Amino acid sequence: MSTSAAAPARTSFVSLPNAQPAPSSNSSSSSTMPPELESQLTMLSSHRSVLGYMLVSRGHPVSIIRHSGVVFEGEQGRKYATAIGRIVESVQGGLEEVHAGETDGDEVRFMRIRTKRHELMISPNDQYLLAVLHDPAT
């Protein structure tokens, strides 16, 4: 395992309505993020094969809560956020169709989508969707 240090990933925060303001220091922690999530995001962004991560709100329209990596910046980030929201919504809708009439339906817990160039991993929960873009060749 290599011990060389990778350049730190760029992280952006997007303020949420009704959220407490973030501390004014240069700290990368957010007052609304659970510490476990904060440590997971730090760990993800430090992995050399991770191109970036995106934390997206549930609902319509989706909004980017936080992201890291240039691949998720600007208009490209908004496109990814919208696509991630639609992917999860579509798969969840399909599961509901398949399990129609059952009292204990099913729900999406984790998705992994591999393309020719990248791998997109999506982990939804009740409040947000976490998406990680990974370079499987690294």
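Further up the page is the structure itself.
Here goes a summary of the coordinates provided. Only a predicted model underlies this, so the values are computations on that prediction, with no experimental measurement involved. (Residues numbered from 1 in each chain as written. Predicted model: local features only at pLDDT ≥ 70, side-chain atom pairs only at ≥ 80, totals over all residues. Heavy atoms only, no water.)

## Describing the nonpolar core
Where a protein is soluble and globular, its nonpolar side chains tend to be buried together. Stated precisely, the cut-off is as follows: Among buried residues, those of type Ala, Val, Leu, Ile, Met, Phe, Trp, Tyr and Cys that are joined through side-chain atoms within 4.5 Å constitute a nonpolar core. The buried label goes to any residue with under 20% of its type's maximum accessible area, the exposed label to any with over 50%, and the partly exposed label to all in between, with areas taken from a 1.4 Å probe on protein chains only. Here a helix means four or more residues in a row that DSSP labels H or I, a strand means two or more in a row labelled E, and each is numbered from the N terminus. We call two residues in contact whenever any of their non-hydrogen atoms come within 4.5 Å of each other.
Ranked by internal contacts, the top residues of the largest apolar core, which has 14 residues, are M54, I84, L120 and I122. Secondary-structure elements contributing two or more residues to this core are strand 2 (50–57), helix 2 (74–98), strand 5 (119–124) and strand 6 (128–134). Apart from the residues within four sequence positions on either side, M54 is in contact with I64, R66, H67, F72, G77, Y80, A81, I84, L129, L130 and A131. Counting residues in hydrophobic clusters, the runner-up holds 12 residues, among them L37, L41, V50 and V132.

## Notes on helix 1 (residues 35–46)
The test is simple: Helix span, expected: 1.5 Å multiplied by one less than the number of residues in the helix. Working definition: the arc comes from the directions between the helix axis and the C-beta atoms, pointing outward to the latter.
For helix 1, with 12 residues, the first-to-last C-alpha span of 17 Å sits near the 16 Å given by 1.5 Å per residue. Every buried residue of helix 1 is listed here: L37, E38, L41 and L44. Seen end-on, helix 1 carries its buried residues on one side only, within an arc spanning 130°. Exposed residues lying more than 90 degrees from the buried face of helix 1 are P35 and E36. Buried-residue contacts for helix 1 involve strand 2, strand 3 (64–68) and strand 6.

## As for the side chain of S57
Along the polypeptide, S57 turns up in strand 2. Accessibility expressed as a relative area gives 13% for S57, which makes it buried. Those residues in contact with S57 that sit more than four places away from it in its chain are V62, S63, I65, Q127 and Y128.

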